[in-house]
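What follows is the residue order along each chain.
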Amino acid sequence: MANHKSALKRIRRNEAVRLRNRYQHKTTRNAIKRLRNTEDANVAKELLPTVVSMIDKLAKKNIIHKNKAGNLKSNLTKHVNKLVA
């Protein structure tokens, strides 16, 4: 176990950050799943900017890699455009 005050604080802080990251990541994955499963083009068009924003935030905070974020956004945009066409 840690002996320094700062190390104990860091352990507490890391756990809080881990839980926040996990929550945000899971919420984004659920939003992506909802967007992929939708068949209505209008609903998909409305959801896309929100989901893209969530993905960008995860990439900015290094929760996911920036290339993964780009791939997700690309595939979701293709999916929405296919529904619209």
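Please read these numbers as outputs of a predicted model, since none were measured by experiment. Every chain begins its residue count from 1, and numbering advances along the sequence as written. Side-chain atom pairs in this predicted model are given and counted only at pLDDT of 80 or more, local residue features only at pLDDT of at least 70, and totals for whole chains, interfaces and linings cover all residues. Where side-chain values are given, they derive from all heavy atoms of the structure, hydrogens and water being excluded.

Draft legend 1. Fine view of the nonpolar core. To define a nonpolar core, start from buried Ala, Val, Leu, Ile, Met, Phe, Trp, Tyr and Cys residues and group those joined through side-chain atoms within 4.5 Å. Each residue is assigned to one of three classes by its accessible area relative to the maximum for its type, calculated with a 1.4 Å probe on protein chains only: buried under 20%, partly exposed between the two thresholds, exposed over 50%. One finds Ile32, Leu35, Leu48, Val51, Ile55, Ile64 and Leu76 to be the most contacted residues of the largest nonpolar core, which totals 17 residues. A run of DSSP states H or I qualifies as a helix once it reaches four residues; a run of E qualifies as a strand once it reaches two. Both are numbered from the N-terminal end. Mapped onto this core, the elements with two or more residues apiece are α1 (5-37), α2 (41-60) and α3 (66-84). Top contributing element to this core by residue count: α2, with nine residues. Excluding anything up to four places from it in sequence, valine 51 contacts Ala31, Ile32, Leu35 and Leu76. We call two residues in contact whenever any of their non-hydrogen atoms come within 4.5 Å of each other.

Draft legend 2. Quick look at α2. Taking 1.5 Å as the rise per residue, α2 with 20 residues should run 28 Å; its terminal C-alpha atoms sit 28 Å apart, in good agreement. Within α2, the full set of buried residues consists of Ala41, Ala44, Leu47, Leu48, Val51, Val52, Met54, Ile55, Leu58 and Ala59. In this fold, the buried residues of α2 make contact with α1 and α3. Backbone geometry just after α2 places asparagine 62 at a positive phi near 60°. One less than the number of residues in a helix, times 1.5 Å, gives the span that helix is expected to have.

Draft legend 3. Fine view of the side chain of threonine 28. With respect to the element layout, threonine 28 can be found in helix α1. The class for threonine 28 is buried, based on a relative accessible area of 3%. Residues in contact with threonine 28, not counting those within four places in the same chain, are Met54, Ile55 and Leu58.

Draft legend 4. Spotlight on the pattern of salt bridges. In the sections that follow, a salt bridge refers to a side-chain nitrogen of Lys or Arg positioned within 4 Å of a carboxyl oxygen of Asp or Glu. The tally for this structure, following the rule as stated, stands at two salt bridges. The shortest N-O distance in the salt bridge between glutamate 15 and arginine 18 comes to 2.9 Å. Residue glutamate 15 and its partner arginine 18 are both found in helix α1; the two are separated by three residues, about one turn of the helix. The class of glutamate 15 is partly exposed, set by a relative accessible area of 36%. Lysine 73 is the salt-bridge partner of aspartate 56, the closest N and O atoms lying 2.7 Å from each other. Here aspartate 56 is found in helix α2, whereas its partner lysine 73 is found in helix α3, with 17 residues between them in sequence.

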